[in-house]
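Okay, here's what each chain looks like letter by letter:
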Amino acid sequence: MIEDSFGRVHDYLRISLTDNCNFRCFYCMPEEEYDFTPASRLMQADEIVKLATIFVENGVKKIRLTGGEPLVRKDAGEIILALAKLPVELAITTNGTRINDLLPTLLAANIKSINISLDTLQPEKFKLITRRDVFHLVKSNIELLLQHKIMVKLNMVVMKGMNDDEILDFIAWTQHNPIQVRFIEFMPFSGNRWTSNKMCSLAEILAIIEEKHTVFPVIAKANDTAKHFMVAGHEGSFAIISTMTQPFCSTCNRMRLTADGKLKNCLFSAGETNLLAPLRAGEDVLPLIKASIWSKAKELGGQLNTDFEKLDAGAINNRSMITIGG
């Protein structure tokens, strides 16, 4: 069992396969010219499996693969199939562009749920946000997953003046489709030009939806990061991840392993623990894992507070989102 000093048991591991991505979303990776981590400094497939096995042997019940874009990694299929052999729930967060290529692997690995990052339903705005003209590919791949009965959750980072006018369009998509839209409060990371006036809060998102729809709250599962809701008469549902205004830190059970083998005990933690170097040296990394989680701050990495209007994003000591892995 991996536990912190506040009694929170950590049984959910997010593994970033790469910091590479075929999108250039400004809120995640601001610059087109970006120095990706050299392959030699990334965890290799066997090292990912070794570390994952250690975590699973010590209580981890769920692993989510993230990036960058995890499916652009050439050996992503090999890694997925290897991790699928562990006694753990395996999930993936992706931008959806390679679903059609890797569908046989996803089915063979018995993947039940996939989160897809999608911030707009407008092709031209999609191109503006991602700097790539592949909206229709992503949309068709979402439909492909639904055809194969794989649960789809759409992650939409809501930004005022950018896509907050599409909240009701996403809700409309849930009327006849068994998808869950997850509206995410815009969070500050290195280089993503976060400002408080761009952030759309849980209360504001709910107010927009409730102007048109009757909304019912849904009881969340233990350790859930989102607040869940149903709309009357809709096949799908929606949720709001309110990290900035109503964080879920008190029940957090998440650990993050970056693509270069560093353990972060919180998305916003300033520090990280190198697991890859000692693993390659043949050392026991379990004490390092337990020490890292035991030192976890009570909330928001010890760096943020929920008074987001007074937050100085430039003073936060952290990586960019793409190098953390979400």
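A.B. asks: Looking at this structure, how should I read the packing of aromatic side chains?
C.D. replies: Geometry of an aromatic ring pair is reported as the spacing of the ring centres plus the angle between the planes. On inspection of all chains with the given rule, the structure shows five aromatic pairs. On the basis of an interplanar angle of 80 degrees and a centroid distance of 6.5 Å, the ring pair of F170 and F183 is categorised as edge-to-face. Note that F170 is positioned in helix α6 (residues 167-173) and F183 in strand β6 (residues 180-185), a separation of 13 residues in sequence. Accessibility assignment for this pair places F170 and F183 in one class, buried. Measuring from centroid to centroid gives 5.1 Å for F229 and F238, while their planes differ by 15 degrees, and the two rings are stacked. Accessibility assignment for this pair places F229 and F238 in one class, buried. An aromatic cluster of three or more residues is present, and its members are F170, F183, F229 and F238.

A.B. asks: I'm lost on the pattern of salt bridges in this one. Help?
C.D. replies: Close approach of charged atoms lets side chains of opposite charge pair. Tallied over the full model, the rule gives ten salt bridges. R8 is the salt-bridge partner of D4, the closest N and O atoms lying 2.5 Å from each other. For the pair shown, D4 and R8 are each scored as buried. With its nearest N and O atoms 3.9 Å apart, the salt bridge here joins E89 to K62. Taken together, the residues E89 in strand β3 (residues 89-94) and K62 in strand β2 (residues 62-66) connect sequence positions 27 residues apart. Where salt bridges share partners, they join K125, D165 and E166 into one cluster.

Reading the values: rules and limits
Residues numbered from 1 in each chain as written. Predicted model: local features only at pLDDT ≥ 70, side-chain atom pairs only at ≥ 80, totals over all residues. Heavy atoms only, no water. Phe/Tyr/Trp six-rings, centres within 6.5 Å; stacked < 30°, edge-to-face > 60°. Helix = DSSP H or I, 4+ residues; strand = E, 2+ residues; numbered from the N terminus. Buried < 20%, exposed > 50% of the residue type's maximum accessible area, 1.4 Å probe, protein only. Salt bridge = Lys/Arg side-chain N within 4 Å of Asp/Glu carboxyl O.

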